[in-house]
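# Structural characterization, general
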Amino acid sequence: MSFLVLDKLTKAYGDLNAVSDVSLSVEKGEFVSLLGPSGCGKTTTLQMIAGFIDVTRGRISLDGKDITHVRPNKRGLGVVFQSYALFPHMTVAQNVGFGLEMRGVGKAECAERIRETLSLVRLDAFAARYPRELSGGQRQRVAIARALVIKPPVLLLDEPMSNLDAKLREEMQFELRGIQRKVGTTTVMVTHDQSEALSISDRVVVMEAGRVTQVDSPYRAYERPENRFVSQFIGKANMLAGKVTEARHNEVHVDLGHQLTGIACIEAGTVWREGDTVTLCIRPEKLHLCKVGTGRLSATVTSRFFLGSQWLYRLDTAIGEVLVCSQNEGTEPVAEGETVGIDWHRDAVRVIQEASHG
Ligand SMILES: Nc1ncnc2c1ncn2[C@@H]1O[C@H](COP(=O)(O)OP(=O)(O)OP(=O)(O)O)[C@@H](O)[C@H]1O
Ligand SMILES: [Mg+2]
């Protein structure tokens, strides 16, 4: 039995289901991210786990006990909200100690736990400061300390990094993951930032319009997206539409038009038939540019973007626009207007099932 279990969790607001039949099992000590675009139901799901929003249908259980209708303070979960408002008139130590005081923890133990938790988030030296005297990243660590100090069975984080600039955000992602590993608290984090979810989670739960569309390790969600939405929400993807001309036990041939056949490996459990309409998904970094006249496809560079470690090219081809991402090797990149070839390895191609299939 998993530690935290959501069973067909549903939240309706009038006719709208903000969350529909969300089922998820989180293991003890796991770090899981709810990932999806704005309005897909991430916060609503998290708030139902915390107990701040009533469940319309479905069940939540924690460590084998049904907590669906247990009041939030009795669940005792650690929560960091989307806007992690600290108490402005309290020092860092008082902010962190607030939850302990509310629980009637004695003074000496309080002081020890505050010290311990501030040390965990590397704010030992800031105990006497007020929130206004802290940087964004430091405030954010106070909010995490405030949630962790009560030693919650589950830590719930709603876009905890959203107020930080890009650089600090990245640092805090590493830090948060480090803290979580150290204390081993089961964590559910909400984010709409795919790179954040991929870099720090054990598993990502991709949501679309109130529903879960894929639950997987970050690597698998990126490499083996199960549908068009996931492949385009997590990273960039070239989506090539075509018809199956030949389906064997482990590979499928797809007519992409213009005499171009795409060959893709198929995974166990999926079945394709001749005539099926499918989409081939190829990540831009799995395509490479080659000499004009070679490769599978002829293309003209329409624009290019420098991304620091990589170059991103947009190319015009017979089958439409194609994105190619190549490593910045420190050599001159291909110029706009130049004609080149595009090639790829067949292992780079994934077949995506379209809604009309089957
Ligand atoms: N109290 C409410 N009454 C009616 N509809 C609501 C209420 N709260 C949320 N919703 C709707 O439920 C849907 C899901 O909202 P939710 O806040 O869970 O989205 P989210 O995934 O957290 O989005 P964001 O990334 O913007 O924070 C949205 O369409 C929202 O408008
Ligand atoms: Mg939200």
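Residues numbered from 1 in each chain as written. Chains lettered and ligands numbered in written order. Predicted model: local features only at pLDDT ≥ 70, side-chain atom pairs only at ≥ 80, totals over all residues. Heavy atoms only, no water.

Operational definition: UniProt positions are given in the numbering used here, feature names are shortened, and annotations may be inferred rather than shown by experiment.
For the protein, an unreviewed UniProt entry supplies the name Spermidine/putrescine import ATP-binding protein PotA and the organism Caballeronia mineralivorans PML1(12). The annotation that UniProt attaches to the protein under Function (unreviewed entry) is "Part of the ABC transporter complex PotABCD involved in spermidine/putrescine import. Responsible for energy coupling to the transport system."

## Some remarks on the packing of helix α5 (residues 136-148) against helix α6 (residues 166-183)
Rules: Note on geometry: axes are lines fitted to C-alpha atoms, helical ones only across the stretch in contact, with angles between N-to-C directions running from 0 to 180 degrees. To qualify as a helix, a DSSP run of H or I must reach at least 4 residues; to qualify as a strand, a run of E must reach at least 2; elements of each kind are numbered from the N terminus. If an angle is under 35 degrees, it is roughly parallel; if it is over 145, roughly antiparallel; if it lies from 65 to 115, roughly perpendicular; otherwise it is oblique. Note on convention: near helix rotated counterclockwise from far helix by under a right angle means a left-handed crossing. Clockwise means right-handed. Note on definitions: a residue-residue contact is assigned when non-hydrogen atoms from the two residues lie within 4.5 Å. Amino acids are sorted into nonpolar (Ala, Val, Leu, Ile, Met, Phe, Trp, Tyr, Cys and Pro), charged (Asp, Glu, Lys and Arg) and polar (every other residue, Gly among them).
Axis separation between α5 and α6 bottoms out at 11 Å; the angle between their running directions is 20°. With respect to α6, the element α5 is oriented roughly parallel. Taken as a pair, α5 and α6 cross one another with a handedness that is right-handed. Here Gly136, Gly137, Gln140, Arg141, Ile144 and Leu148 of α5 come into contact with α6, specifically with Leu168, Met172, Glu175, Leu176, Ile179 and Val183. Grouping the constituent residues of the contact of α5 with α6 by class yields seven nonpolar, three polar and two charged.

## Focus: the UniProt feature "domain: ABC transporter" (unreviewed entry) in the protein
UniProt records the feature "domain: ABC transporter" (unreviewed entry) at residues 4-234, using the numbering of this structure. Across residues 4-234 one finds 38% helix and 26% strand; the C-alpha atoms that close the span lie 25 Å apart.

## Examining the pairing of strand β10 (residues 211-216)
Stated formally: When DSSP finds two or more bridges between a pair of strands, those strands are recorded as paired.
Bridge count between strand β9 (residues 203-208) and β10: five bridges; the pairing is antiparallel. In the strand pairing of β10, Val205 is matched with Val215.

## Brief notes about the nonpolar core
Side chains of a nonpolar character, in soluble globular proteins, are inclined to be buried together. Heads up, the condition is: Definition of nonpolar core: a set of buried residues of the types Ala, Val, Leu, Ile, Met, Phe, Trp, Tyr and Cys, connected through side-chain atoms within 4.5 Å. Any residue under 20% of the maximum accessible area for its type is buried, any over 50% is exposed, and the rest in between are partly exposed; the area is computed with a 1.4 Å probe on protein chains only.
Val80, Val96, Leu118, Val142 and Leu176 are the most contacted members of the largest nonpolar core, which totals 33 residues. Contributions of two or more residues to this core are made by α3 (92-102), α4 (107-120), α5, β7 (154-158) and α6. Counting residues in each nonpolar core, the second largest holds 28 residues, with Val254, Trp311, Val340 and Trp344 among its members.

## Thoughts on the site of ligand 1
In plain terms, the rule: Note on terminology: near, applied to a residue and a molecule or strand, indicates that one of the residue's heavy atoms is within 4 Å of it. N or O atoms within 3.5 Å of each other form a polar contact, as long as, within protein, one can give a hydrogen and the other can take it, and as long as residues adjacent in sequence are counted only when both atoms are side-chain atoms. In this description, accessible areas are obtained by the Shrake-Rupley approach with a 1.4 Å probe, and a residue is regarded as covered only by the protein chains that are shown.
Surveying the vicinity of ligand 1 reveals 13 residues, the closest of which are Ser38, Gly39, Lys42, Thr43 and Thr44. Lys42 is positioned such that a nitrogen or oxygen atom in its side chain is 2.8 Å from an oxygen atom of ligand 1. Protein chains bury 60% of the 640 Å² of accessible surface belonging to ligand 1 in isolation. Residue assignment for the shell around ligand 1 shows that the elements contributing at least two residues are β2 (16-26) and α1 (42-50). When residues of the shell around ligand 1 are assigned to their parent elements, the largest contribution, three residues, is made by α1. Taken together, the residues that form the shell around ligand 1 break down as five nonpolar, six polar and two charged.

## Quick notes on the packing of aromatic side chains
Defined as follows: Ring geometry is summarised as follows: Phe, Tyr and Trp rings, the Trp one being its six-membered ring, pair when their centres sit within 6.5 Å, and such pairs are stacked at plane angles under 30 degrees, edge-to-face over 60 and tilted between the two. When the NZ atom of lysine or the CZ atom of arginine is within 6 Å of a ring's centre and also within 35 degrees of its normal, the charge is said to sit over that ring.
Applying the stated rule across the entire model yields four aromatic pairs. Relative to Phe81, the ring of Phe52 lies with its centre 5.6 Å away and its plane at 50°, an arrangement referred to as tilted. Here Phe52 is found in the loop between α1 and β4 (57-62), whereas its partner Phe81 is found in the loop between β6 (78-80) and α3, with 29 residues between them in sequence. Considering the side-chain rings of Phe306 and Trp311, the 4.8 Å spacing of their centres and the 40° angle between planes classify their relative orientation as tilted. Positioned above the aromatic ring of Tyr222 is the side chain of Arg283, whose terminal nitrogen or guanidinium carbon lies 4.1 Å from the ring centre.

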